[in-house]
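Residues per chain, in single letters:
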Amino acid sequence: MSRARQCLALGALLAPLAIFSAAAMAQPSEREARERIDAIGSEIQAVNRRLGETREAQDEATRELRQVETSLAETHGRLDSIQAERRRLDAEVAALESARDELNVERAEQVEMLNAQLDALYRLGLTPQLKLLLNQDDPARLDRLQTYLNHLARARNERLDEIARLDAELAENRRERQARGEQLDSLADELATRSSELAERVADRERLVAELSGRYSDEQSRLASLNRDRSEAERVLERVREELARLQRPPPSTAIERTRGDLPWPVQGNVTSSYRRGDGVHYNGILIEAREGTTVNAVHAGRVVFADWMRGFGNLLIIDHGDNVMTLYAHLQRFNAEVGQAISRGDSLGTVGNSGGHTSPALYFEVRRNGDPIDPQAWIARR
């Protein structure tokens, strides 16, 4: 593709950012704002994918890698949702079983009290009033006995009603537990299916990564390819900066400048590639080695302006913090945030992965001010 066509395509990719920011400043109703943000976010993602397809039209392996890693991210997301749903249902079943045990104890107590009342009535005989009348006993005693018998009858009926209510609650409890059990069985089936899909996708990815790695005749050609990927990303990031700079009202400040040297780490781990010492796409930031699936957190408040797969970086998320500062998070396994979403410090953005053809799980983290990369370790807290 010619440089002119590339610039034109990249312009189409990020042009919606200006629309998005203007819509955010217009102060519409909450529902309307959410609908606009969703629509603009979808447009950005769609344009980015079309651009990717054009870019990779003559690179079948890279195009397949994009598809496989995007599918992997979706599968990981669904697996996490299933696991969360299973935990919720397990908690509900445990609560229902605890409630059942309490109901059974309460029912046993009610039955015991009813038995005591019936025993007391039995001791009086079958017709105590008639015996008293025939024996011409004291009328006052007869009245007291009648009052006692009436009280005993009411208490017995109350116990019977309470036992009936407890039986109904136990039956409903049993139905709910059965329904939750069926949901858990369904989730277990889906989990097995998704796990099988995940295994297939992982195998496909390994094949594609091996194929792409096999293209490099030596280390020099590998680095040249990585540098091309970085140059392409630089053009996209410059376009983001230009679009944000064109806004009549700039994105609101989040006072990120005041936090320099005190920002939290996006993920805990060893830095395996430092600023300006990395190769290719890792040259402008740091690479933090971490276990696959570890949560990646936002270092500061802002708004997501990009969340999609990018060549060399895999699943890449960019946050604009105002004050011309952006942070980048790459090689994500999956996203937990989407374009247009407002982010607070510490919010989950995704999980650590090795997308983009990276060989081991790690997070690539970058900080930019006025479009220029700066050392992230000058901004995040010392450990």
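None of these values were measured; they are calculated from a predicted model.

Give me the lowdown on the pattern of salt bridges, citing residues and values where you can.
The tally for this structure, following the rule as stated, stands at 13 salt bridges. A salt bridge links Arg-107 to Asp-167; its shortest N-O distance comes to 2.4 Å. Of this pair, Arg-107 sits in helix 3 (residues 60-124) while Asp-167 is found in helix 5 (residues 139-213), placing the two residues 60 residues apart along the sequence. Under the relative-accessibility criterion, Arg-107 is labelled partly exposed at 29%. Asp-167 sits in the partly exposed class, given a relative accessible area of 31%. Salt-bridge contacts for Glu-366 lead to Arg-368; the nearest nitrogen and oxygen are separated by 2.4 Å. Each of Glu-85, Arg-88, Glu-92 and Arg-180 takes part in a single network of salt bridges with overlapping partners.

Can you explain the packing of aromatic side chains? Please cite residues and give values.
Applying the stated criterion to the full structure yields two aromatic pairs. Ring centres of Phe-313 and Tyr-364 lie 5.7 Å apart, and the angle between their planes is 55°; this geometry places the pair in the tilted category. One end of the pair, Phe-313, is in the loop between strand 4 (302-310) and strand 5 (314-320); the other, Tyr-364, is in strand 9 (residues 362-369), with 51 residues separating them in the sequence. We classify Tyr-364 as buried; its relative accessible area is 0%.

Tell me what's going on with the environment of Thr-359, and back it up with residues and numbers.
For Thr-359, the location among the structural elements is in the loop between strand 8 (348-352) and strand 9. Remark: the alpha-carbon pair of Thr-359 and Ala-210, spanning 149 residues in sequence, is separated by 9.7 Å.

Pulling in residues and values, what's your account of the nonpolar core?
Counting residues in each nonpolar core, the largest one holds 29 residues, and the members touching the most others are Val-304, Leu-317, Ile-319, Tyr-329 and Leu-349. Mapped by element, the contributors of at least two residues to this core are strand 2 (286-289), strand 4, strand 5, strand 6 (325-335), strand 8 and strand 9. Residues contacting Ile-319, with those up to four places away along its chain left out, are Ala-298, Gly-302, Arg-303, Val-304, Val-325, Met-326, Thr-327, Tyr-329, Ile-343 and Leu-349. In this structure, Leu-287, Phe-306, Phe-313 and Met-326 belong to the second largest nonpolar core, which totals 16 residues.

Would you mind going over the pairing of strand 5 in detail, with residue names and values included?
In terms of burial, strand 5 is largely enclosed, as seven of its seven residues are buried. Of the pairings in the sheet, the one linking strand 4 to strand 5 comprises seven bridges and is antiparallel in character. Directly across from Trp-309, in strand 5, lies its bridge partner Asn-315. Linking strand 4 back to strand 5 in an antiparallel pair, the connection comprises three residues, with Gly-312 at a positive phi of about 90°. The pairing of strand 5 with strand 6 spans five bridges and is antiparallel. Its bridge partner lying in strand 6, Ile-318 is registered against Leu-328. The turn linking strand 5 back onto strand 6 is made up of four residues, and Gly-322 within it adopts a positive phi angle of 75°.

So what's going on with the side chain of Gln-333? Residues and values would help.
Relative to the assigned elements, Gln-333 resides in strand 6. Judged by relative accessible area, which is 11%, Gln-333 ranks as buried. For Gln-333, the side chain forms a polar contact with the side chain of Glu-292, separated by 3.2 Å. The contacts of Gln-333, once residues within four sequence positions are left out, are Ala-73, His-76, Glu-292, Gly-293, Asn-315, Thr-351, Val-352 and Gly-353.

Rules behind the numbers
All residue numbers here refer to positions counted from 1 along the written sequence of the relevant chain. At least 70 in pLDDT is required for a residue's local features to be given in this predicted model, at least 80 for side-chain atom pairs to be given and counted, and no such filter applies to totals for whole chains, interfaces and linings, which use all residues. Working from all heavy atoms in the structure, the side-chain values ignore hydrogens and water. Throughout this description, the term salt bridge denotes a Lys or Arg side-chain nitrogen within 4 Å of a carboxyl oxygen of Asp or Glu. Under the scheme used here, helices are H or I runs from DSSP no shorter than 4 residues and strands are E runs no shorter than 2 residues, and both carry numbers assigned from the N terminus. Per-residue accessibility, obtained with a 1.4 Å probe over protein chains only, is compared with the maximum for each type, and a residue is labelled buried under 20%, exposed over 50%, and partly exposed between these values. Geometry of aromatic contacts follows a simple scheme: Phe, Tyr and Trp rings, the Trp one being its six-membered ring, pair when their centres are within 6.5 Å, and the pair is stacked under 30 degrees between planes, edge-to-face over 60, tilted otherwise. What we call a nonpolar core is a set of buried Ala, Val, Leu, Ile, Met, Phe, Trp, Tyr and Cys residues that are connected through their side-chain atoms within 4.5 Å. Residue contacts are defined here by distance: any two heavy atoms, one from each residue, within 4.5 Å place the two residues in contact. Two strands make a pair as long as DSSP finds a minimum of two bridges between them. Identification of polar contacts relies on pairs of N or O atoms within 3.5 Å, with a donor-acceptor requirement for protein atoms, meaning one able to donate a hydrogen and the other able to accept it, and with residues adjacent in sequence counted only if both atoms are side-chain atoms.

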